[in-house]
Amino acid sequence: NNVLTTIARTDVFTGALGMLTALSELSLTVHSDGGDVTCKRTADSPTLGDLHVGDKVKMYCKNGVPTQIARGV
């Protein structure tokens, strides 16, 4: 009967395995075989420890915000 009954938000997950090519207080970028993946850093983002541009990393993001990042994988 043309009545809206449900609205759902779908989470978007991205990931990358490659070289950390950009790192700032606002974002980080990983260059992988599939291209560059950039995610925004927020208060909810994991700490980066001693990661530096040029490190090989594996990163996962949810809705454009990093949820996991690890070196040397």
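From a predicted model like this one, the values you see are computed outputs, not experimental measurements.

Attention now goes to the overall build of the protein. In terms of helices and strands, the protein carries zero helices and five strands. For the protein, the N- to C-terminal ordering of α and β elements is β-β-β-β-β. At 15 Å, the protein has a C-alpha radius of gyration far larger than the 11 Å of a compact globule built from 73 residues. Contacts in the protein between residues at least 24 apart in sequence constitute 39% of all its contacts with a sequence separation of at least 6.

One face of the sheet, then the other: side chains in a regular strand alternate in exactly this way. Across seven bridges, the pairing between strand β1 (residues 13-23) and strand β4 (residues 56-62) is antiparallel. Paired with Thr14 across the two strands is Cys61, which belongs to β4. Where β1 lies against strand β2 (residues 27-32), five bridges are found, and the strand directions are antiparallel. Among the inter-strand pairings, Leu20 is bridged to a residue of β2, identified as Val30. Connecting β1 to the antiparallel partner β2 that follows it, the hairpin turn spans three residues.

Calculation rules
- Residues numbered from 1 in each chain as written.
- Predicted model: local features only at pLDDT ≥ 70, side-chain atom pairs only at ≥ 80, totals over all residues.
- Heavy atoms only, no water.
- Helix = DSSP H or I, 4+ residues; strand = E, 2+ residues; numbered from the N terminus.
- Rg over C-alpha atoms; globule rule 2.2 N^0.38 Å.
- Contact = heavy atoms within 4.5 Å.
- Pairing = 2+ DSSP bridges.

Remember that the coordinates give geometry; whether it matters functionally is a separate question.
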